[in-house]
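Each chain, letter by letter, is given below.
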There are 2 protein chains.
Amino acid sequence: MEANLERMAAFFRGVPAKLRPHFKNHKCPDLAARQLGAGAIGITCATLREAECLVHHGIRSVVLANEIVDAAKIRRFVELTRSADAIVCVDNEMIAGDLARVARDRKTQVSVLVDVDVGLHRCGLPPGEAVVRLARSVAEKGLRFRGLMGYEGHVLRKPPGPEKEEAAAAAMRPLMESRARLEQMGMAVEIVSVGGTGTYAISGSYPGVTEIQAGSYLLMDTDYRKCCTDFDPALTVLTTVLSKTEDERIVVDVGLKTLSCERGIPAVKDLAGVATRRLTAEHGIIDIQDPAVPLQVGDRIEMWVHYSDATVNLHERIYGVRNGCVEEVFRVEG
Amino acid sequence: MEANLERMAAFFRGVPAKLRPHFKNHKCPDLAARQLGAGAIGITCATLREAECLVHHGIRSVVLANEIVDAAKIRRFVELTRSADAIVCVDNEMIAGDLARVARDRKTQVSVLVDVDVGLHRCGLPPGEAVVRLARSVAEKGLRFRGLMGYEGHVLRKPPGPEKEEAAAAAMRPLMESRARLEQMGMAVEIVSVGGTGTYAISGSYPGVTEIQAGSYLLMDTDYRKCCTDFDPALTVLTTVLSKTEDERIVVDVGLKTLSCERGIPAVKDLAGVATRRLTAEHGIIDIQDPAVPLQVGDRIEMWVHYSDATVNLHERIYGVRNGCVEEVFRVEG
């Protein structure tokens, strides 16, 4: 984990863009503090609850890289802006109006990024006229327009190479066109927030990008590792062998309620002669390929986390291990 | 939910086998209490933590339908048997010895079922000699042998029909042969615990089965519904529309961290003209098939839970709704 932290920090010492790591991956305020200590300018998060957790833990610069639309949540977000530089995304005129109204009532100012759909086709406005219109409108309503967000989530997991670089550039280009048009109108675009662990180097070097939201790089997982070899998987789940046949299979006490299979089947760490067959709700079934594999009921084995976001989401603590000893316990509070 | 509860209870009024519903599905002590009120003879569970939760909530008859092998967990389980008829599964001579030793030290008696692999190929001994040997051995060690467990998990999701019936019978037959051999040796086989929601009627009618572990029937889900139409899905997740394009897609604030996709993509409830495209970690992306669909940002829609076990596992509460009003809050404590 510390090697990943340092490797990413080193990259950002060499480019104008800054790192604002995504909290959704590990949800641990203590890990966010480590990221800030290594040079991150603030934290990105996915939910209002995560933003509240970060501010509660004293983190004063937070981008909520998502829309919030519910009236109660808008009030909670506006409240948050009293104690932190909290910025939220908008892609809708009506919601921008709601935010502005609550901010006015509470006599505070709320900062927003306009969310641009750069090809992921999830939230966000199509780049161009709609973005410019909403950016001007939020400013007119009294919100503080801080810039643009464009998450190229559809590019992250492409294998490295020219095709990936072109796809990332194709996502950044229209974002920068919107940026240029806004600046021509005299609107400052302080923030252009993009990227993830799969594109941090490409998008983080793209002219005009001010910050990168990468999060998975810190703990990594074996799914991300397939497309991004700059960082090493650092996250496993410790399991106990519950059952064993003579030479056909072992069963461990970890299933998909503990170790997400949403993106594929987790592998066993550092043990030759075995291969995960499948996970059911509470069990992991592992084929014995070499009958000499030295495993008995009660033995502990580690399994790689294949999808860290969804696995951390199932746990309350992450144990920091150095040289085989637990050195620190990170609470999953987000 | 109440209709499912009553439909299952009615079936068990007509057969000798009893229902001991599986707690792993809903993890709510208050729902377990409803099941007991409707005639269940006790509760089945998957983990030691669930067993402790049930006993803590005053449930006095619990089958832990799983192995426990860790020394600390064995001590916790033995402690539990002081205040409840708690029964655990074994498939290993050494672990049976550990259990017996701790029980002896604590001056208590521990009840066990011998776990039989009836074709799922997860935990359990192959039927026949190995089962008979372990059953005799646990009794010799001073454990209380209560019977056999054989979970035909590989049959549950087959479509109804003669093939499924034959597969269930093929799983029950060797279990009953082991039972007969044990009884010939003078060993009482008080419990034969099998089954799930997909086989409750077939296995629950099979001669010699004493109890059925079905759990999913109560809340049901749209995955189980494909192979079992006796019960109606009763579980949804309430979502809010976060973002909407004119006629291409809406995005809701529920992703796979909230609504499991481990067995497939959840559908939207009671709303024509839309279809779920996919769920990412925090978002659900829904195609608009009919541009007239009356949905705006901020609207609430319900999504069906496709896999209830893994979805309940992501939540702290289940809201009981009758005629559109929240009538009861069930705490997910397991």
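Residues numbered from 1 in each chain as written. Chains lettered and ligands numbered in written order. Predicted model: local features only at pLDDT ≥ 70, side-chain atom pairs only at ≥ 80, totals over all residues. Heavy atoms only, no water.

## Considering the sheet that holds strand β13 (residues 300–304) of chain A
Residues and elements named next belong to chain A. The 5 strands are arranged β11-β12-β10-β9-β13 in an open sheet whose pairing can be described as antiparallel. Each end of this open sheet is capped by a strand with a single partner; those strands are β11 (274–279) and β13. Here the strands of the sheet are splayed against their neighbours by 40° on average, with no regard to which way each runs. Bridge count for strand β9 (residues 236–244) against strand β10 (residues 249–252) is 3 bridges, and the pairing is antiparallel. In the strand pairing of β10, Val241 is matched with Val252. (Pairing = 2+ DSSP bridges. Helix = DSSP H or I, 4+ residues; strand = E, 2+ residues; numbered from the N terminus. Axes fitted to C-alpha atoms, helices over the stretch in contact; angles between N-to-C directions.)

## So, the packing of aromatic side chains
This structure, assessed with the given rule, holds 8 aromatic pairs over all chains. Ring geometry for Phe11 of chain A versus Phe12 of chain A: centroids 5.0 Å apart, planes at 85°, classification edge-to-face. Residues Phe11 of chain A and Phe12 of chain A agree in their burial class; the two are buried. Over the aromatic face of Tyr307 of chain A sits the side chain of Arg263 of chain A, whose NZ or CZ is 3.9 Å from the ring centroid. Above the ring of Tyr224 of chain B, the side-chain terminus of Arg157 of chain B is found at 4.1 Å from the ring centroid. (Phe/Tyr/Trp six-rings, centres within 6.5 Å; stacked < 30°, edge-to-face > 60°. Buried < 20%, exposed > 50% of the residue type's maximum accessible area, 1.4 Å probe, protein only. Lys NZ or Arg CZ within 6 Å of the ring centre and 35° of its normal.)

## Description of the environment of Leu242 of chain A
Mapped onto the elements, Leu242 of chain A comes out in strand β9. According to the relative accessible area criterion, Leu242 of chain A is buried, its value standing at 4%. Excluding anything up to four places from it in sequence, Leu242 of chain A contacts Val251, Val252, Asp253, His283 and Val297 of chain A together with Asn66, Glu67, Ile68, Val69 and Asp91 of chain B. (Contact = heavy atoms within 4.5 Å.)

## Brief notes about the relation of the copies chain B and chain A
Aligned on chain A, chain B shows an RMSD of 0.0 Å; the corresponding rotation is 180° and the shift along the axis is 0.0 Å. Read as a symmetry element, the transformation amounts to a two-fold axis. No C-alpha of chain B lies nearer the rotation axis than that of Glu262 of chain B, which sits 2.7 Å from it. A shared binding surface is used by both copies, with 100% of the interface residues of chain B retained as interface residues in chain A. (Least-squares fit on C-alpha atoms with pLDDT ≥ 70 in both.)

All quantities given are derived from atomic positions and should not be read as evidence of function.
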